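Listed here are the chains, written in short residue letters.
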Amino acid sequence: MHVLLVEDDDTVADAIVRAMSLSGFDAHRVNNANDAYNALFAHHFSVAIVDIGLPGADGMSFVRRIRKEGSKVPILTLTARHSLNEKLNAFELGVDDYVLKPFDLDELLARCRALVRRTNASSDGLTRYGRVNVKFADHTMTVDGNTIDLTKNEWLIFELLARNIGHIVNKDRLLAALSGADHESSPNAVETHVSRLRTKLRDALHIRTVRGLGYRLEED
């Protein structure tokens, strides 16, 4: 997941970038609206995190500008402003989510993932990865139109890889996900479930092993 972070406070920005890196996100940080605008239209971002209180043109001016020019990137704003009118105005301008400072980093990451899920999902609830169609809500998957049955543990691994498609997910994170559902899970169990998942995906999606690091899900 490629994230644009627009934050002028170095301490806050460093904490967010570090947390995102540990979670497999790729964060591109800028500290003003003009650099954010240039970055947004030069690269593809899955989501933008925008501080409202920026120097010069504030975050809301940036949101207004990019929405006027047709950008549909999901936007999550950060602010210390607790006014209801401020919040309503942000949503009117095209903000998708609104987080008050101080905030919990885990919650921020979860909200980013939720925004990306909502954006990727079509009106019928499908998320499409090339030849693979997935409904995360009811755990259904088809490959080339054929229904694929996954076990509970295979779903846990697939969802974690899919939420971070294109990025490495280390084995410890996969093991932690399995441990929540199966107290007897082990590193060998991760490898076994990944192997079975590869077979079921039929090369429509590729799970790459990155030696010493983990796994990365890639579209065909």
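Residues numbered from 1 in each chain as written. Predicted model: local features only at pLDDT ≥ 70, side-chain atom pairs only at ≥ 80, totals over all residues. Heavy atoms only, no water.

Here's the deal with the nonpolar core
Then, number 1: Core analysis: the largest hydrophobic core is formed by 27 residues, its most contacted members being Met141 and Phe158.
Then, number 2: Of all the secondary structure elements, the ones that give two or more residues to this core are strand E7 (132-135), strand E8 (140-143), helix H6 (152-163), helix H7 (171-179), helix H8 (187-201), strand E11 (205-210) and strand E12 (214-219).
Then, number 3: No other element matches H6, which puts 6 residues into this core.
Then, number 4: Those residues in contact with Met141 that sit more than four places away from it in its chain are Val132, Asn133, Val134, Asn146, Thr147, Ile148, Leu150, Trp155, Phe158 and Leu201.
Then, number 5: Residues Val50, Ile52, Met60 and Val73 belong to the second largest nonpolar core, which totals 23 residues. (Core = buried A, V, L, I, M, F, W, Y, C linked by side-chain atoms within 4.5 Å. Buried < 20%, exposed > 50% of the residue type's maximum accessible area, 1.4 Å probe, protein only. Helix = DSSP H or I, 4+ residues; strand = E, 2+ residues; numbered from the N terminus. Contact = heavy atoms within 4.5 Å.)

A few points about the environment of Val132
Then, number 1: Here Val132 is to be found in strand E7.
Then, number 2: Classification of Val132 by relative accessible area gives buried; the value is 0%.

Concerning the packing of aromatic side chains
Then, number 1: Under the definition given, this model contains 4 aromatic pairs.
Then, number 2: With 6.3 Å between their ring centres and 40° between their planes, Phe91 and Tyr98 make a pair best called tilted.
Then, number 3: By relative accessible area, Phe91 is classed as partly exposed at 35%.
Then, number 4: Centre to centre, the rings of Tyr129 and Phe158 are 6.3 Å apart; their planes meet at 85°, and the pair counts as edge-to-face. With Tyr129 in strand E6 (residues 127-129) and Phe158 in helix H6, this pair connects stretches of sequence that are 29 residues apart.
Then, number 5: By relative accessible area, which is 5% here, Tyr129 ends up buried.
Then, number 6: These aromatic residues form a ring-pair network of at least three members: Tyr129, Phe136, Trp155 and Phe158. (Phe/Tyr/Trp six-rings, centres within 6.5 Å; stacked < 30°, edge-to-face > 60°.)

Concerning the layout of surface pockets
Then, number 1: Taken as a whole, the second largest pocket spans an internal volume of roughly 190 Å³.
Then, number 2: The element that contributes the greatest number of residues to the lining of the second largest pocket is helix H5 (residues 105-120), accounting for 3 residues.
Then, number 3: Here the lining of the second largest pocket is composed, by residue class, of 5 nonpolar, 6 polar and 1 charged. (1 Å grid on protein atoms, 1.4 Å probe; cavity = no way out; pocket = protein on both sides within 12 Å on 5 of 7 lines; lining within 4 Å. Points joined across faces, edges and corners; volume = space filled by probe spheres on them. Nonpolar A, V, L, I, M, F, W, Y, C, P; charged D, E, K, R; others polar.)

Digging into the pattern of salt bridges
Then, number 1: Summed over all chains, the structure comprises 12 salt bridges.
Then, number 2: The residue Lys101 makes a salt bridge to Asp51 at a minimum N-O spacing of 3.4 Å. Here Asp51 lies in strand E3 (residues 47-51) and Lys101 lies in the loop between strand E5 (97-100) and H5, a separation of 50 residues in the sequence.
Then, number 3: The partner of Arg67 in a salt bridge is Asp96, and the shortest N-O contact between them spans 3.0 Å. Taken together, the residues Arg67 in helix H3 (residues 59-68) and Asp96 in the loop between helix H4 (84-93) and E5 connect sequence positions 29 residues apart.
Then, number 4: Overall, the relative accessible area of 31% leaves Asp96 in the partly exposed class. (Salt bridge = Lys/Arg side-chain N within 4 Å of Asp/Glu carboxyl O.)

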